[in-house]
Amino acid sequence: MDKILDIDNIDLKIISLLNEDAKTPYTEIAKKVFVSSGTVHVRMKKLEDMGVVKSATLNINFTKLGYDIAAFLGIYLEKSSLYDTVIERLKEIPEVVNAYYTTGNYSIFAKIICRDTNHLRLVLDKIQKVEGIDRTETLIVLEESINRPIQFFDKESK
């Protein structure tokens, strides 16, 4: 387990604001946090060096790009010792966008994005052929009701 890093309230405010919109200019962040834009830049560099900030990503509406199906996949492994091998194979399937090693019923819980049900069937066939996978259970997403970043401080203190 990683030790708690030396991060103060200013760092947390910067992270929270950029987590809401990674395209926010540092000058705008600086005004909201009451520091200079240079301070925001230095703090972000520090957070990147510490491994706290790994990257900035886009929040994409996949439906507008023709990917209408999102599904979660519970994956049962033949043996838990096959986890690393199976994950390496799943990384080769571009439709697998997230994968987690979990407790509970499934060894792996994955999210996949597909164009339509035919594409989903093809992807599921690929996944089920991965050596080490015993079986899978598919849960198709009907609606994403919540997709938000975690808040590291109280909204009133922004």
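Residues numbered from 1 in each chain as written. Predicted model: local features only at pLDDT ≥ 70, side-chain atom pairs only at ≥ 80, totals over all residues. Heavy atoms only, no water.

Visitor: What is the right way to read the layout of surface pockets from this model?
Guide: Regions of empty space are outlined by a rolling probe, equal in size to a water molecule, passed over the atoms. Space inside the largest pocket adds up to approximately 1,500 Å³. If you trace the largest pocket, you find 40 residues lining it, with Thr-57, Leu-58, Asn-59, Ile-60 and Asn-147 closest to the centre. If you list the elements that add at least two residues to the lining of the largest pocket, you get α1 (9-20), α3 (37-49), β1 (69-77), β2 (96-101) and β3 (108-114). Its residues assigned to classes, the lining of the largest pocket shows 22 nonpolar, eight polar and ten charged. Among the domains, domain 1 (7-48) and domain 2 (60-139) are the pair contributing at least three residues each to the lining of the largest pocket. (1 Å grid on protein atoms, 1.4 Å probe; cavity = no way out; pocket = protein on both sides within 12 Å on 5 of 7 lines; lining within 4 Å. Points joined across faces, edges and corners; volume = space filled by probe spheres on them. Helix = DSSP H or I, 4+ residues; strand = E, 2+ residues; numbered from the N terminus. Nonpolar A, V, L, I, M, F, W, Y, C, P; charged D, E, K, R; others polar. Domains from an automatic or database assignment.)

Visitor: What is the right way to look at the packing of aromatic side chains in this model?
Guide: Two aromatic rings, taken as a pair, are described by how far apart their centres are and by the angle between their planes. Overall, the coordinates contain four aromatic pairs when judged by the stated rule. Here the aromatic rings of Tyr-76 and Tyr-106 are separated by 5.3 Å at their centres, their planes lie at 70°, and the arrangement is edge-to-face. Residue Tyr-76 is located in strand β1, and its partner Tyr-106 is located in the loop between β2 and β3; the two are separated by 30 residues in the primary sequence. Overall, the relative accessible area of 17% leaves Tyr-106 in the buried class. When the centroid spacing of 3.9 Å and the interplanar angle of 20° are considered together, the rings of Tyr-83 and Tyr-101 count as stacked. With a gap of 18 residues between them, Tyr-83 in helix α4 (residues 83-90) and Tyr-101 in strand β2 connect regions that are remote in the sequence. By way of ring pairs, the aromatic residues Phe-72, Tyr-76, Tyr-106 and Phe-109 are connected into one cluster. Between the NZ or CZ atom of Arg-135 and the centre of the ring of Tyr-76, over which it lies, the distance is 3.8 Å. (Phe/Tyr/Trp six-rings, centres within 6.5 Å; stacked < 30°, edge-to-face > 60°. Buried < 20%, exposed > 50% of the residue type's maximum accessible area, 1.4 Å probe, protein only. Lys NZ or Arg CZ within 6 Å of the ring centre and 35° of its normal.)

Visitor: Help me understand the pairing of β2, please; the structure alone is not making it clear to me.
Guide: Every other side chain in a regular strand lies on the same face of the sheet, so the side chains alternate between the two faces. The pairing of β2 with β3 spans five bridges and is antiparallel. By the bridge assignment, Tyr-101 is partnered in β3 with Ile-108. Connecting the antiparallel pair β2 and β3 is a turn made up of six residues, with Gly-104 showing a positive phi of about 95°. (Pairing = 2+ DSSP bridges.)

Visitor: Help me understand the environment of Val-97, please; the structure alone is not making it clear to me.
Guide: Along the chain, Val-97 falls in strand β2. For Val-97, a relative accessible area of 40% translates into the label partly exposed. Distance from Val-97 to Ile-113, taken between C-alpha atoms, is 7.0 Å for residues 16 residues apart in sequence. With residues near it in sequence (within four places) discarded, Val-97 still touches Lys-111 and Ile-113. (Contact = heavy atoms within 4.5 Å.)

Visitor: I tried to follow the pairing of β1 on my own but got confused; where do I start?
Guide: β1 sits mainly inside the fold: eight of its nine residues count as buried. Alignment of β1 against β3, held across seven bridges, turns out to be antiparallel. In the sheet register, Ile-69 faces β3, and the bridge partner there is Cys-114.

Visitor: Any chance you could explain the sheet that holds β1 here in plain terms?
Guide: The pairing of strands in a sheet happens through backbone hydrogen bonds and is either parallel or antiparallel. With respect to topology, four strands assemble into an open sheet ordered β2-β3-β1-β4, the strand pairing being antiparallel. Strand pairing shows two members of the sheet lacking a second neighbour, β2 and β4 (133-140), which therefore form its edges. With strand direction ignored, the average angle separating the axes of adjacent strands in the sheet is 20°. Its contacts with the sheet put α4 on β1, β2, β3 and β4, and the angle it makes with β3 is roughly 10°. Those strands touched by helix α5 (residues 117-128) are β1, β2, β3 and β4, and its axis lies near 145° from that of β3. (Axes fitted to C-alpha atoms, helices over the stretch in contact; angles between N-to-C directions.)

Visitor: I would appreciate a short explanation of the side chain of Thr-24 in the present structure.
Guide: With respect to the helices and strands, Thr-24 occurs in the loop between α1 and α2 (26-33). A polar side-chain atom of Thr-24 sits 2.8 Å from the main-chain carbonyl oxygen of Asp-21. (Polar contact = N/O pair within 3.5 Å; in protein donor to acceptor, adjacent residues only side chain to side chain.)

Everything listed here is a matter of geometry and, on its own, says nothing about what the molecule does.
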